[in-house]
Amino acid sequence: MPDLSGRPAPLGIPADLWDVLACPCDAHAPVRPDEESGRIVCTECGRSFEVRDGIPVMLLDEAIPSTGG
């Protein structure tokens, strides 16, 4: 198991989980934290996903679409 000490845990999500998180869109693209909004954002489609009590809610029907910016 890799040593995760010292790695940040954005949005309260453990560092090792960030390594495997992907957007559920057709591209299955990597995601990134948006500390300002407290949401997870897809690097491909731009949808953002809520984090509830440190648990990512990666459901397309609950995602907020990209604003195109």
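Structure: see above.
Source: prediction; values computed, not measured.

The rules behind the values
Residues numbered from 1 in each chain as written. Predicted model: local features only at pLDDT ≥ 70, side-chain atom pairs only at ≥ 80, totals over all residues. Heavy atoms only, no water. Helix = DSSP H or I, 4+ residues; strand = E, 2+ residues; numbered from the N terminus. Contact = heavy atoms within 4.5 Å. Buried < 20%, exposed > 50% of the residue type's maximum accessible area, 1.4 Å probe, protein only. Pairing = 2+ DSSP bridges. Polar contact = N/O pair within 3.5 Å; in protein donor to acceptor, adjacent residues only side chain to side chain.

Chemist: Report on the side chain of Arg39, specifying residues and quantitative values.
Modeler: By secondary structure assignment, the location of Arg39 is in strand E2 (residues 39-42). Not counting chain neighbours up to four residues away, the residues in contact with Arg39 comprise Leu11, Arg32, Pro33, Asp34, Ser48, Phe49, Glu50, Glu62 and Ile64.

Chemist: Could you give me a rundown of unusual backbone geometry, with the residues and numbers involved?
Modeler: The phi angle at Leu11 is positive, at roughly 60°, despite the residue not being glycine. Its location among the elements puts Leu11 in the segment before helix H1 (15-18). What makes Leu11 buried here is its relative accessible area of 17%. Residue Asp53 is not a glycine yet carries a positive backbone phi of 50°. In this fold, Asp53 is placed in the loop between strand E4 (51-52) and strand E5 (55-56).

Chemist: Which residues make up the pairing of E2, and what values go with them?
Modeler: Of the two faces of E2, both are covered, the one formed by Arg39 and Val41 as well as the one formed by Ile40 and Cys42. The sheet contact formed by strand E1 (residues 31-34) and E2 spans four bridges and is antiparallel. Residue pairing across strands places Arg32 opposite Val41, the latter belonging to E2. In this structure, the hairpin formed by E1 and E2 is closed by a connection of four residues, where Gly38 is found at a positive phi of approximately 75°. Two strands pair when backbone bridges link them, and E2 and strand E3 (residues 48-49) are joined in this way by two bridges, in the antiparallel orientation. Each bridged residue has a counterpart across the sheet, and for Ile40 the counterpart in E3 is Phe49. The turn joining E2 and E3, which pair antiparallel and follow one another in sequence, is formed by five residues; a positive phi near 85° is taken by Gly46.

Chemist: Tell me what's going on with the sheet that holds E1, and back it up with residues and numbers.
Modeler: Ordered by their spatial adjacency, three strands build an open sheet running E1-E2-E3, and the pairing between neighbours is antiparallel. Edge positions in the sheet fall to E1 and E3, since each of these pairs with one other strand and no more.

Chemist: Give me the environment of Asp34: which residues, what numbers.
Modeler: Assignment of secondary structure puts Asp34 in strand E1. In this structure Asp34 comes out as partly exposed when scored by relative accessible area, which is 23%. Note: C-alpha distance between Asp34 and Ser48 (14 residues apart in sequence) is 8.8 Å. Not counting chain neighbours up to four residues away, the residues in contact with Asp34 comprise Leu11, Arg39 and Val41. In terms of polar contacts, Asp34 uses its side chain to reach the backbone amide nitrogen of Glu36, at 3.1 Å.

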